[in-house]
Amino acid sequence: MRYPFDGGRLVIAARAHDRVGAARDAPDRDTAINMSGKTSDDQKKLSAKDITKVLDRYRIASGDGFKLADHAPDDLFPADLVKSCAEDLLQAGVARLAALQEKLYANGTWSVLVVLQALDAAGKDSTVKHVMSGVNPQGVTVTSFKAPTANELAHDFLWRISAALPERGKIGVFNRSHYEDVIVGRARPELLGQSRLPPRVAQDVRVWERRQDDIVAFERHLANEGTKVLKIFLNVGREEQKKRLLARLDDPDKTWKFDAGDLKTRALWPAYHEAYQTVIAATATPEAPWFVVPADRKWFTRWVVVEAIIEALSALDLQPPPLTPEDRAANAQARAALERD
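Quick caveat: nothing in here was measured; it's all calculated off a predicted structure.

J.: Go over the packing of aromatic side chains, please, and point to the residues and values.
T.: Within this structure, the stated rule accounts for six aromatic pairs. Ring centres 6.4 Å apart and planes at 75 degrees place the aromatic pair Trp299 and Phe300 in the edge-to-face group. Side by side, Trp299 and Phe300 carry an identical accessibility label, which is buried. Put simply, the rings of Tyr58, Trp299, Phe300 and Trp303 pair up and form one aromatic cluster.

Here is the structure:
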């Protein structure tokens, strides 16, 4: 299959191109996967139904009764899953994702948007790197949203988001997203004064609720237009974040990742968690669910994320576009010409 050159946003480079080819022969979602690495008759296996149970544990499709405090950053399900098995599960998932992404491109009607939100050092970048390691690099775009530029502030807060949406046939990953505009602003209200909003809009006590309503409507619109939306919050614990930030300072190869500004965010930990609690509860819908994924174990996080994306793609029941009679006739002529060659 050919992919046109995409010279726009950042695209993921595949780490292991051989896995892309192997993906065509990858097991489907109903294949049981060995969890224990044993060969005995009593070896434990993880079936499609088991994986659905895992995803249901972390899926938030309605905000009713949602409490972020009920979701432990170090949760593990199944409880006896070990790192080596999770890494094997991840590689199997990467292969299945590559096969589904190829179908997505061939179908050319649907697109998939994966929104990644998290506090600092939760592992967003490494999650994208590992989960997308096997897909065709022309079939996925990753957009990282930083503080709005002057040009972006001259438009509504969804303007830059709309411009970065994945085209049909592709997977788009947002590393941070439109949710920054209702999370960071809540935790740091002084930033709202820099937004260039009309004073009566910025001073409206319902400014955040209005934006949440706009986001829900926006995501419903995307779903109606053929974009599957899933939102993932990497839920890292405070102590684990501290450990990772210190590791960046201790490792010369990772020092560049450390940003002193992260400490300002860390100092506002309760405010950020309250903001996430409110926003997830307000914007979780069946069309665009949240997954609150434990992030203290990166190996577990990556596996859950790849399975969530696989589930979203599988639900689309992707099929190649049907051939027209003209296509079949042209193919027959091409076959005859090749056979004569």
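Let's pick the thread back up.
J.: I'd like a description of the pattern of salt bridges, backed by residues and values.
T.: This structure, assessed with the given rule, holds 17 salt bridges. Here Glu190 and Arg188 are joined by a salt bridge, their closest N and O atoms 3.2 Å apart. Under the relative-accessibility criterion, Glu190 is labelled partly exposed at 49%. The class of Arg188 is partly exposed, set by a relative accessible area of 27%. Residue Asp262 pairs with Arg248 through a salt bridge whose shortest N-O separation is 3.9 Å. With Asp262 in helix 11 (residues 261-267) and Arg248 in helix 10 (residues 238-250), the pair connects residues that are 14 residues apart, well separated along the chain. Judged by its relative accessible area of 18%, Arg248 falls in the buried class. When salt bridges with common partners are traced through the structure, they connect Asp56, Arg59 and Glu311 into a single cluster.

J.: So what about the pairing of strand 8 (residues 290-294)? Which residues, and what values?
T.: Put simply, side chains in a regular strand alternate between the two faces of the sheet. Most of strand 8 sits out of view: five of its five residues are buried. Of the two faces of strand 8, both are covered, the one formed by Trp290, Val292 and Pro294 as well as the one formed by Phe291 and Val293. Two elements, strand 3 (residues 59-60) and strand 8, share two bridges in a ladder whose sense is antiparallel. The partner of Ile60 across the bridge, within strand 8, is Trp290.

Definitions and cut-offs
- Residues numbered from 1 in each chain as written.
- Predicted model: local features only at pLDDT ≥ 70, side-chain atom pairs only at ≥ 80, totals over all residues.
- Heavy atoms only, no water.
- Phe/Tyr/Trp six-rings, centres within 6.5 Å; stacked < 30°, edge-to-face > 60°.
- Buried < 20%, exposed > 50% of the residue type's maximum accessible area, 1.4 Å probe, protein only.
- Salt bridge = Lys/Arg side-chain N within 4 Å of Asp/Glu carboxyl O.
- Helix = DSSP H or I, 4+ residues; strand = E, 2+ residues; numbered from the N terminus.
- Pairing = 2+ DSSP bridges.

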